[in-house]
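# A closer look at the structure
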Amino acid sequence: MLDSIKSLARQYAADLVQTRRHLHAHPELSFHERNTARFVADQLKAIGITPQEGVADTGLVAIIEGRISDSSRVVGLRADMDALPIHEANDVPYKSTVDGVMHACGHDVHTASLLGVARILHVLRDQFDGTVKLVFQPGEEKAPGGASLMIKEGVLENPAPVSMLGQHVAPNIPVGKIGFREGMYMASTDEIYMTVRGKGGHAAMPDNLVDPVLIASHIIVALQQIISRNRPPASPSVLSFGRFIADGVTNVIPNEVTIQGTFRCMNEEWRAEGKRRMVKLAEGIAEAMGGSCEFEIVHGYPFLKNHPELTRRVRAQAVEYMGPENVVDLDLWMAGEDFAFYSQVVDSCFYRLGTRNEERGIISGVHTPTFDIDESALETGAGLMSWLAVQELKAP
Ligand SMILES: [Zn+2]
Ligand SMILES: [Zn+2]
């Protein structure tokens, strides 16, 4: 089986590059993946697979049935399809043809890889037991996350996967290598919006005013102490404020200050408790200083946990496929990822596909206008995922 998968992946590698380049040149923003969805549907039909279309509007689900036996399992494989509002700065033949929209997070690579998996496993379908469920998901980059919508529309039922696998490009890992991490891996993401109100006026007469700039400054400092004093020390957390607008001048104190930030962590209980404390503290400080604070939280993705046993199994199979020298361990990453929604419901493993090639200057990070990949990663992306799926179908 391993040799068959490897040789099919090699055989399809050039096509996968073309598929990825087509997707890359025609990016679509989150929840607007109409042409992408049509393209994916056409590709699947050409293989001989009829997908269910219009799941969460622009998502697709496709089933590949192997042999049906008593021990038949279902494994879910997920690719996200959306691009970002970034203007591509790469000068490549497959450069984005849409101004201000770019596949800068590699979701074109994930989608092309999963189409490769579809092709490989469709050919080999009489050689494995069980069912593979392919999930082509919209809107990873934008709240509430396409994953949450697809789960609501039943993607984890009928048939219900026992496990979900997902992969993501990694511009910090050399091409040809794969990264895994058991347990907590990526952070929950919540957005914070505060408006601190006081009473503005002439800066020379602060005794007649309620200074929202000073109140907001106290709030920022105090909130950081929630992270240092109330957070369980073993629980990674980040609280960052990137926007603090006090629109006065040297001699005018404004009426209000607006603040925006992000709260990230890897523990759902602490996440709820941390947010509760932040609201209380910010409102309390503002009130004690004679002003008020409106505190709004937009709840983002949960934290992403890789099921330990599943991840160990999958990692061992990756070693089999790639060789031990090509399987690396990942650090915690405080970025968010909506694959986390699957990981909260079903045993899941989210791993990283190395795409870096220093010699060729392919080193830019995701979400930058110069992001690109070494396209030989596509052969690995499709072949390895096919192998992992088939092995996971056999797992006890
Ligand atoms: Zn991204
Ligand atoms: Zn991404």
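Scroll up to find the structure.
Across its full length, the protein carries 9 helices and 16 strands. Taken over C-alpha atoms, the radius of gyration comes to 24 Å for the protein, in line with the 21 Å a tight globule of 396 residues would show. Taking the principal axes of the C-alpha coordinates as reference, the protein spans close to 80 × 45 × 40 Å. Taken over 396 residues, the protein has a buried fraction of 54%. In the protein, once contacts between residues fewer than 6 apart in sequence are set aside, the share between residues at least 24 apart is 81%. Put simply, the protein shows about 16800 Å² of open surface, and 50% of that area lies on carbon and sulfur atoms. Charge separation in the protein, taken as the distance between the mean sites of 37 positive and 50 negative side-chain charges, equals 3 Å.

Bringing the packing of aromatic side chains into the picture now. Any aromatic ring pair is given by two values, namely how distant the centres are and how the planes are angled relative to each other. Evaluation of the coordinates by the stated rule reveals 5 aromatic pairs. On the basis of an interplanar angle of 85° and a centroid distance of 6.0 Å, the ring pair of Phe 263 and Trp 270 is categorised as edge-to-face. Neither residue differs from the other here; Phe 263 and Trp 270 are each classed as buried. Across the ring face of Tyr 321, the terminal group of Lys 6 is positioned such that the distance to the ring centre comes to 4.8 Å. Here Arg 119 stacks its cationic end above the ring of Tyr 12, 3.8 Å away from the centre of that ring.

Turning to the environment of Ala 56, a few remarks are in order. Of note, Ala 56 is situated in the loop between β1 (52-55) and β2 (59-65). The buried category is assigned to Ala 56, whose relative accessible area is 8%. Residues Ala 56 and Ala 147, spaced 91 residues apart in sequence, show a C-alpha to C-alpha distance of 9.0 Å. Each residue touching Ala 56, except ones within four places of it in the same chain, is listed here: Pro 138, Leu 149, Met 150 and Glu 153.

Moving on, we come to the coordination of the zinc ion (ligand 1). The protein atoms that coordinate the zinc ion (ligand 1) are Cys 105 (SG), Glu 141 (OE) and His 367 (NE2), at distances spanning 2.0 to 2.2 Å. For Cys 105, a relative accessible area of 7% puts it in the buried group.

Two strands pair when backbone bridges link them, and strand β8 (residues 188-197) and strand β12 (residues 256-265) are joined in this way by 10 bridges, in the antiparallel orientation. When the bridges of β12 are listed, Tyr 193 appears paired with Gln 260. Pairing between strand β10 (residues 237-246) and β12: 9 bridges, direction antiparallel. Paired with Leu 239 across the bridge in β12 is Phe 263.

This brings us to the sheet that holds strand β16 (residues 347-356). The sheet built from 8 strands is open, its strands ordered β1-β2-β4-β3-β5-β16-β6-β15 with mixed pairing. Looking at which strands have only one partner, the edges of the open sheet turn out to be β1 and β15 (327-329). Across the sheet, the axes of successive neighbouring strands diverge by a mean angle of 30°, strand direction being ignored. Bridge count for strand β5 (residues 163-174) against β16 is 9 bridges, and the pairing is parallel.

Cut-offs applied
- Residues numbered from 1 in each chain as written.
- Chains lettered and ligands numbered in written order.
- Predicted model: local features only at pLDDT ≥ 70, side-chain atom pairs only at ≥ 80, totals over all residues.
- Heavy atoms only, no water.
- Helix = DSSP H or I, 4+ residues; strand = E, 2+ residues; numbered from the N terminus.
- Rg over C-alpha atoms; globule rule 2.2 N^0.38 Å.
- Buried < 20%, exposed > 50% of the residue type's maximum accessible area, 1.4 Å probe, protein only.
- Contact = heavy atoms within 4.5 Å.
- Areas by Shrake-Rupley, 256 points an atom, 1.4 Å probe, with all protein chains shown as cover.
- Lys, Arg positive; Asp, Glu negative; His and termini not counted.
- Charge placed at Lys NZ, Arg CZ, Asp CG, Glu CD.
- Phe/Tyr/Trp six-rings, centres within 6.5 Å; stacked < 30°, edge-to-face > 60°.
- Lys NZ or Arg CZ within 6 Å of the ring centre and 35° of its normal.
- Donors = N, O, S within 2.8 Å, 3.2 Å for Na, K, Ca; no water.
- Pairing = 2+ DSSP bridges.
- Axes fitted to C-alpha atoms, helices over the stretch in contact; angles between N-to-C directions.

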